[in-house]
Amino acid sequence: MEETILQLVHVTGKKQRNGFQITDVTMQLREGYIYAIAGENGAGKTTLLELIGREDSRYTGNMIFDGMDLKAEHVKAMEGIGIISEDCLFFEDRNGKENAAILGDFYENYEKERFFSYCKRFQVPLCTSYINLSRGEKIKWQICFAAARNCRLYMLDEATAGMDPVFRKVFFDLLHEIMAQTKACILMTDHNLHEISRQTDYVAYMEKGRLSGWKESMEVEADVWI
Amino acid sequence: MFGYDRKQQEKIEKLYEKEKIWYPDHVMHTFLMWLLTGISMIILLFPYQAYAHDHSFYPTLICMYALYNWGIQIYAGKYSLVRQNGKTHPIEELLCYVPVSKRQIILYRIKKVQKPVIRLALFNLLVKCFLSCVIYHSISVFDIILPVLFLLFVPFMLLMLPFLRDILFRY
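Residues numbered from 1 in each chain as written. Chains lettered and ligands numbered in written order. Predicted model: local features only at pLDDT ≥ 70, side-chain atom pairs only at ≥ 80, totals over all residues. Heavy atoms only, no water.

This brings us to the overall build of chain B. From N to C terminus, chain B includes eight helices and two strands. Ordering the α and β elements of chain B from the N terminus gives α-α-α-α-β-β-α-α-α-α. The 171 residues of chain B split such that 48% are buried. For chain B, contacts bridging at least 24 residues in sequence account for 74% of all contacts bridging at least 6. Carbon and sulfur atoms make up 71% of the accessible area of chain B, which amounts to about 9,100 Å² in all. (Helix = DSSP H or I, 4+ residues; strand = E, 2+ residues; numbered from the N terminus. Buried < 20%, exposed > 50% of the residue type's maximum accessible area, 1.4 Å probe, protein only. Contact = heavy atoms within 4.5 Å. Areas by Shrake-Rupley, 256 points an atom, 1.4 Å probe, with all protein chains shown as cover.)

Given below as structure tokens:
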């Protein structure tokens, strides 16, 4: 049976100034699957990912990652969590190779050769400064970097937005391959329920900070067409 | 109590020392620190007995202590901010998804700032006591308390504010 990688039990975030709040999110992500959260702008998808990934996030409930309490062992847990988002900050005036060298030092499991081999395979330019990379290249660089440190959980925040269909297919092939190699699971967010349900295993819909139950993607796709 | 983690400290040290990410603003931060603390020191070196009965001098004194602390906070900015492509980002934001605790970054900053702060406070205390001895032939207890409180304790407390906020409002 597949191992549970991330478990959220009745997680409720701190109310923001505009009154928005992640409310009572319960979910269980198992290895080997791609999970997607769809929803409109402002539904709380990014906020949920930040709630999971940030050390200073405030919430009630429990988050368990790979058997560790995320709040108590956040630093250790971040070794195995890769957050991929256009909004992530990196050393913009350094190139991909330098960024990997600087940040790789922070990770125990980071393998330089593995990073280079992924970058070579997926044609990620390593000598271009980070700021000059295209959106797709930035996302690919981040995935290669996360894969090079054997992440157990990949959290992709609207990573596929704006991708053309051909590149999207290559992108999901890459995700499946990495997931198979590292026994990981992927949690991603997107606006387009139809598009995302074709490429993932389970889909949930988020609305006003609340998450609906997970449905199998095929089931969701059929519903969308009907 | 503060959960000092040597391994994480070494990683942060490596980031600063090897990559020199502070370099673009290094001169400005250091220069401003010496400028502001230097200006404030002129007044803060006066022995307590020189203004003990002159209450009108107190606002000036408070301003000088504020100026001194501002200078120290600017110096700490060298270990708080990263400038790239004309934008300044807090180092905590840059490392927010990296396995290094925000608390360790604050501790690292305090570790780096403590040397000039301790030296300045000690210098102020010794000069204050010396002048007091020479001019008034006695040392007031405030000649010791004021430097220790405002030049040593307050700067560290200000640096630890995010740390304390993190502990107090964790949940």
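What follows deals with the packing of helix α6 (residues 102-136) of chain B against helix α7 (residues 142-159) of chain B. All names here are of chain B. Viewed as axis vectors pointing N to C, α6 and α7 meet at an angle of 165 degrees, and their least axial separation amounts to 9 Å. Judged by the inter-axis angle, α6 sits roughly antiparallel to α7. Seen along the crossing, α6 lies across α7 with a hand that is right-handed. Residues that form the contact of α6 with α7 fall into these classes: 16 nonpolar, three polar and three charged. (Axes fitted to C-alpha atoms, helices over the stretch in contact; angles between N-to-C directions. Parallel < 35°, antiparallel > 145°, perpendicular 65-115°, else oblique. Left-handed = near helix turned anticlockwise from the far one by under 90°. Nonpolar A, V, L, I, M, F, W, Y, C, P; charged D, E, K, R; others polar.)

Here Q8(B) is to be found in helix α1 (residues 6-19). Excluding residues within four positions of it along the chain, Q8(B) makes contact with V75(A), V100(B), S101(B) and Q104(B).

In this section: the nonpolar core. Nonpolar side chains in soluble globular proteins tend to be buried together. Ranked by internal contacts, the top residues of the largest apolar core, which has 123 residues, are M27(A), I52(A), F115(A), L153(A), Y154(A), L156(A) and L187(A). Ranked by residue count, the leading element in this core is helix α4 (residues 58-76) of chain B, at nine residues. Setting aside anything within four residues of it in sequence, one finds L153(A) in contact with I5(A), L6(A), L29(A), F65(A), G80(A), I81(A), G82(A), C185(A) and L187(A). (Core = buried A, V, L, I, M, F, W, Y, C linked by side-chain atoms within 4.5 Å.)

Let us look at the interface of chain A and chain B. Contacts between the two partners involve 27 residues from chain A, matched on the other side by 26 residues from chain B. Interface area for chain A against chain B, summed over the two sides, is near 2,800 Å², with a carbon-plus-sulfur share of 55%. Summed over the three residues of chain A that lose the most area to chain B, namely E55(A), L89(A) and F106(A), the buried surface amounts to 25% of that side. Inspection of the chain A/chain B interface yields five salt bridges. For the salt bridge of K14(B) with D105(A), the shortest nitrogen-to-oxygen distance reads 3.5 Å. Here chain A and chain B share eight residue pairs in polar contact (both at pLDDT 80 or more) between them. Of all the secondary-structure elements, those providing two or more residues to the side of chain A that touches chain B are α1 (45-53), α2 (74-78) and α3 (96-104) of chain A. Residues belonging to the side of chain A that touches chain B are distributed by class as follows: 13 nonpolar, two polar and 12 charged. (Buried area = accessible area lost by both parts, 1.4 Å probe. Salt bridge = Lys/Arg side-chain N within 4 Å of Asp/Glu carboxyl O. Polar contact = N/O pair within 3.5 Å; in protein donor to acceptor, adjacent residues only side chain to side chain.)

Residue and element names in this part refer to chain B. It is at 9 Å that the axes of α4 and α6 come closest, and there the two elements cross at 150 degrees. Relative to α6, α4 is oriented roughly antiparallel. Handedness of the α4/α6 crossing: right-handed. Taking contact as the criterion, the partners of Y65, Y68, I72, Y75 and A76 in α4 are, on α6, R109, K112, V113, P116, V117, L120, A121 and K128. For the contact of α4 with α6, the residue count by class is 10 nonpolar, no polar and three charged.

What follows covers the pattern of salt bridges. Should the charged atoms of two oppositely charged side chains come close, the side chains can pair. For the structure on display, the rule yields 15 salt bridges over all chains. Here D56(A) ties to K102(B) by a salt bridge, and the two come within 3.2 Å at their closest N and O atoms. Here K102(B) lies in helix α6 and D56(A) lies in the loop between α1 and β4 (59-65), a pairing that spans two chains. A relative accessible area of 29% places D56(A) in the partly exposed class. The salt bridge partner of E108(A) is K7(B), with a shortest N-O separation of 3.6 Å.

What follows covers the pairing of strand β6 (residues 81-85) of chain A. As a general feature of sheets, a regular strand has side chains that alternate between the two faces. Residue and element names in this part refer to chain A. Where burial is concerned, most of β6 is hidden: five out of the five residues are buried. With burial as the criterion, each face of β6 is covered, one bearing I81, I83 and S85 and the other bearing G82 and I84. Inspection of the sheet shows β6 paired to strand β7 (residues 153-157) by five bridges, in the parallel sense. Bridge pairing in β7 places I84 opposite L156. (Pairing = 2+ DSSP bridges.)

Here we take up the sheet that holds strand β1 (residues 4-13) of chain A. Residue and element names in this part refer to chain A. In space, the four strands of this open sheet follow the order β2-β1-β4-β5, with antiparallel pairing throughout. The sheet is open, and its two borders are formed by β2 (25-30) and β5 (68-69), each paired with just one other strand. Of the pairings in the sheet, the one linking β1 to β4 comprises six bridges and is antiparallel in character. By the bridge assignment for β4, V9 is matched with N62. Each of β1, β2 and β4 is contacted by α1, which is oriented at about 110 degrees to β1, the strand it contacts most.

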